[in-house]
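# Breakdown of the fold
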Amino acid sequence: MWYDKPAGNWNEALPLGNGRIAAMVFGNPAKEQLQLNESSFWSGGPSRNDNPDGLIGLDSIRQAIFHEDYRLANRLSNKYLTAKKLHGSKFQVIGDLNLTFPGADGFTNYYRELDLENAIQTTTYKLGNVTYKREVFVSQPDQVIVVRLTANKPGQLTFSANLDSQLKKSSTALDTNTLEMTGLSSTHEGVIGQVKFDTRAKIINTGGRTSIESNKINVSNANEVVIIISIATNFVDYKTLTANEVMKCTKYLAAAEKKPYARLLKDNIVAFQKYFKRVTFDLGTSPAAQLPTNERIRNFSKSYDPELISMYYQFGRYLLVCSSQPGGQPANLQGIWNNDNNPAWDSKYTININTEMNYWPAEKCNLTEMHEPLVQMIKELSESGKETAKVMYGANGWVAHHNTDIWRIAGVVDFADAGQWPMGGAWLSQHLWEKYLYSGDLKYLESVYPVLKSACNFYQDFLIEEPIHKWLVVSPSVSPENTPSGHSSALVAGCTIDNQLLFDLFAKTIKAAKLLKKDEAEMANLQKILDCLPPMQIGRLGQLQEWLEDWDNPKDQNRHVSHLYGLFPSNQISPFNTPKLFDAARTSLLYRGDVSTGWSMGWKVNLWARLLDGNHARKLISDQLTLVDPAKGGFGGGGGTYPNFFDAHPPFQIDGNFGCTSGITEMLLQSQDGAIDILPALPDDWKNGSVTGLKAYGGFEVSIVWEKNQAKKITIKSHLGGNCRIRVPNEVCLLGGQKLQAASGENTNPFFEAVRIKDPLISVAVKLNPVNLKSTYLYDLPTEKGKTYTIIIAR
Ligand code: FUC
């Protein structure tokens, strides 16, 4: 990614990070700014937000919903269930390292880039006949930010450096080479700010000299300068803030400053590429790729620029490696990049879609380690949410609603129409099982099984029978952030996504128990509940119903498409097993429309890929790659992409980046429907290309080369052994010159167990719009663990 101007705005600056610390680099020759973040720097401190009056109101709210008095349900819910005071803390800003270069305004030959393969940001420019270069990276192995300033002539580096922040307590020069800033997070909603940080910047100059001027360090006439920035907080875990931030900060710094720059850089590249290089993606290039990245985004809809798509795809993978590392915090609404102490939605974890979306690419894009912080957060929520379940609903197990934060709050935030969604735990828990399907690691499964089971235990107690069909439903709840038209409140019982989530949660927990040979009797009980969940229903418009009743409004273009959870990320809806539901889901999505917030479009890329419509998925990628004015930070309007490739909700929200990267993967490879589907949704204009290293269920690693829109060569590495069933549009597939064996019967590979849902009966008045699916062929390839197989497509 490259630009011919400095960033004038944060949405033009370039992101670097190691999962714990991060920087946005502006690349301005006269005034360089590194905006700094640390993942545990949040407002407040350990806290809970359960409304203790839940049990007073619960029954009346449920009665009100069954009696269709939604206004009353809403009023009572806000009073008895919504948090009284705490709606979650805010992810905050450490501050800036500012470097001021007198006389550097008249620069020429300007260039700045973010090298996605080496995770390094570079700026070069000329002043007179001197060429200057700045390099910045955030080291994962050494846990520091490293800046190197050079010039092609000696003695040319003269600048002043300081650390600054809105939340600082002090900013000083400790000696002629070291800056220090300390600070404290904000008090919020009555919780005293308790997160302390220490930041130090060590200036290592070759040639020239340094001096102190108040809280600045002046560097004059140096040949080369390396600046090492260390940041640490007192955060230990969501309950504990007893670390010594000064000791941590100085320890990282002392270790890093002993290493030469070249070594710091090399070690980081090795650590970064271990993950990043696992996947390559090539769609070819075109003359449009000659321009700076911001101009390519601007031109995208009018030009043929396939390489912008492959770069955007890899940028999503880059962001996940930089914002989510084992042992750290999961990526929040802005990943780890935030320059506002009052960020949109507090830059928390919105778990009614956004946080899950952040992790859609993790497994399939071969970044399984990046998934670990989410798994850890779910484990922690299962602890904090246990008390929430007890206090608010008198239930066993654990519950989380539509938001959480670093303190793992699990109560209802904001207001009932958004917050009263007791399904956050159910959705997050799907990730626990999903991770297992890729790795087959039973030890891991054993470690998360108690969390899955406890999530089920909550619903065992919480589900109630609805009066008409006697189905077991969640109440009160909402179909995320959508109010049925004509209703005075979003509160309902038994909306479709809730039923789908519980179907998956229970079915997966039962499977896990079987694999681990545990809890047979309890699982039999879960199975009984599973059998009483409402089925998916097709409504009068031929659409998949969003609610228990046929309330869908064809004009509804809400950004959420929650009832399509069953199509993606879940696999309950299948073109082959449930063709009617498949058509109904498609009808629902057509009504919902394309252009929306960034993340909504990212989701729709996945949905159209699952609908096997590559051209429509491709259209959504174009919608998403619409340039949004970097100065436009406020809400509203269509989403798109900022010049720095960050997703614009607007404002910046990282889920759209991750959602689209996942969606592009789904266009190339799917494995949720009983087989590995090769190029299931390849758009017409991706004629030739290749992808390597994608992951499928059952531990298969798949690479594909295609020409003229047809797969040519498929390479499959089997990490776990077992039957590899593939679906391809071609009749003749050769392995070592031999024809592959046509598939027969059930796939014997247990990781591909198909979901058994039947299409619902529909009234004759309802017209479906069946699509003609292209014909495909299924083959079985028995594999051995560790072996690689190359399949040539002959025709
Ligand atoms: C949900 C969405 C919004 C936004 C917010 C962070 O509330 O409905 O669009 O993404 O999360």
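Our structure is the block above this text.
Predicted model only: the values in this text are computed from it and were never measured.

### Here we look at the overall build of the protein chain
Helix and strand content of the protein chain: 18 helices and 34 strands. Compactness check: the protein chain gives a C-alpha radius of gyration of 27 Å against a globular reference of 28 Å for 795 residues, within 12% of the reference. A principal-axis box enclosing the C-alpha atoms of the protein chain has dimensions of 85 × 70 × 50 Å. Sequence-distant contacts, at least 24 apart, represent 69% of the contacts inside the protein chain between residues at least 6 apart. For the protein chain, the accessible area works out to roughly 27,800 Å², and carbon and sulfur atoms hold 51% of it.

### Description of unusual backbone geometry
A cis amide bond links Ser475 with the next residue in sequence, Pro476, at an omega value of -5°. Relative to the helices and strands, Pro476 resides in the loop between strand E21 (472-473) and helix H13 (496-515). With a phi angle near 60°, Asn366 is a residue other than glycine that sits in the positive phi range. With respect to the helices and strands, the residue Asn366 is situated in the loop between helix H8 (360-364) and helix H9 (372-393). Not every positive phi belongs to a glycine, and Lys708 is a case in point at roughly 45°. Turning to its location among the elements, Lys708 is positioned in the loop between strand E27 (700-707) and strand E28 (710-718). By relative accessible area, Lys708 is classed as exposed at 70%.

### A short note on the site of the ligand
Contacts to the ligand come from Leu333, Trp345, Thr350, Asn354, Glu481, Arg559, His560, Trp599, His649 and Gln653. At 2.7 Å, a side-chain N or O of Glu481 approaches an oxygen atom of the ligand. The side chain of Trp599 places a nitrogen or oxygen atom 2.9 Å from an oxygen atom of the ligand. Protein contact buries 97% of the 290 Å² of open area that the ligand shows by itself. Along the lines of polarity and charge, the residues of the shell around the ligand split into 3 nonpolar, 5 polar and 2 charged.

### Describing the pattern of salt bridges
What the rule picks out here adds up to 37 salt bridges. The shortest N-O distance in the salt bridge between Asp198 and Arg200 comes to 3.0 Å. Residues Asp198 and Arg200 agree in their burial class; the two are buried. A salt bridge links Lys348 to Asp346; its shortest N-O distance comes to 2.6 Å. Residue classification places Lys348 among the buried positions, given a relative accessible area of 3%. For Asp346, a relative accessible area of 15% puts it in the buried group.

### Overview of the state of the cysteines
Here a disulfide denotes one covalent bond, and it connects the sulfur atoms of two cysteines. For the coordinates displayed, the defined rule picks out 0 disulfides. The structure places no disulfide on Cys322, whose sulfur is separated from the nearest cysteine sulfur, that of Cys365, by 15 Å. Since its relative accessible area comes to 1%, Cys322 is described here as buried.

### Overview of the environment of Leu515
In this fold, Leu515 is placed in helix H13. In this structure, Leu515 is in contact with Trp433, Tyr436, Leu442 and Leu445, ignoring residues within four places of it in sequence.

### A closer look at the packing of helix H12 (residues 442-462) against H13
Think of two packed helices as two axes; the pair is described by the angle between the axes and how far apart they sit. Contact pair H12 / H13: the axes reach a minimum separation of 9 Å and the direction vectors enclose 135°. Overall, the two elements H12 and H13 adopt an arrangement that is oblique. Crossing angle aside, the handedness with which H12 passes H13 is left-handed. Where H12 abuts H13, its residues Leu442, Leu445, Tyr449, Leu452, Lys453, Ala455, Cys456 and Tyr459 lie against Leu502, Leu505, Phe506, Thr509, Ala512, Ala513 and Leu515.

### Let's talk about the pairing of strand E11 (residues 168-175)
As paired strands, E11 and strand E12 (residues 178-184) are joined by 6 bridges and run antiparallel to one another. Bridge pairing links Asp175 to Thr178 in E12.

Cut-off values and rules
- Every chain is numbered on its own, with residues counted from 1 as its sequence reads.
- Side-chain atom pairs in this predicted model are given and counted only at pLDDT of 80 or more, local residue features only at pLDDT of at least 70, and totals for whole chains, interfaces and linings cover all residues.
- Each side-chain value is worked out from all heavy atoms of the structure, with water and hydrogens disregarded.
- Working definition: helices are DSSP H or I runs of at least four residues, strands are E runs of at least two. Numbering for both runs from the N terminus.
- Our radius of gyration looks at C-alpha atoms and nothing else; its globule reference is 2.2 Å times the residue count to the power 0.38.
- Between two residues, a contact is recorded if the distance between any of their heavy atoms is within 4.5 Å.
- In these tables, accessible area is a Shrake-Rupley quantity obtained with a 1.4 Å probe, and a residue counts as shielded only by the protein chains included in the view.
- Only protein chains enter the accessibility calculation, which uses a 1.4 Å probe; a residue is then buried when its area is under 20% of its type maximum, exposed when over 50%, and partly exposed in between.
- Any residue with a heavy atom lying within 4 Å of a molecule or strand is counted as near it.
- Any pair of N or O atoms that falls within 3.5 Å is considered a polar contact. Within protein, one atom must be able to donate a hydrogen and the other to accept it, and sequence-neighbouring residues count only if both atoms are side-chain atoms.
- In this classification, the charged set is Asp, Glu, Lys and Arg, the nonpolar set is Ala, Val, Leu, Ile, Met, Phe, Trp, Tyr, Cys and Pro, and all remaining amino acids, among them Gly, are polar.
- Whenever Lys or Arg places a side-chain nitrogen within 4 Å of a carboxyl oxygen from Asp or Glu, that contact is recorded as a salt bridge.
- To count as a disulfide, a pair of cysteine sulfur atoms needs to be within 2.5 Å.
- Axes here mean lines fitted to C-alpha atoms, for a helix over just the part in contact, with angles spanning 0 to 180 degrees between N-to-C directions.
- Oblique is the label for any angle not covered by the other classes, which are roughly parallel (under 35 degrees), roughly antiparallel (over 145) and roughly perpendicular (65 to 115).
- Whether a crossing is left-handed or right-handed is set by the direction in which the near helix is turned from the far one by less than a right angle, anticlockwise for left-handed and clockwise for right-handed.
- Strand pairing follows a simple DSSP-based rule, namely that at least 2 bridges must link the two strands.

Interpretation note: all reported values are geometric properties and have no functional meaning in isolation.
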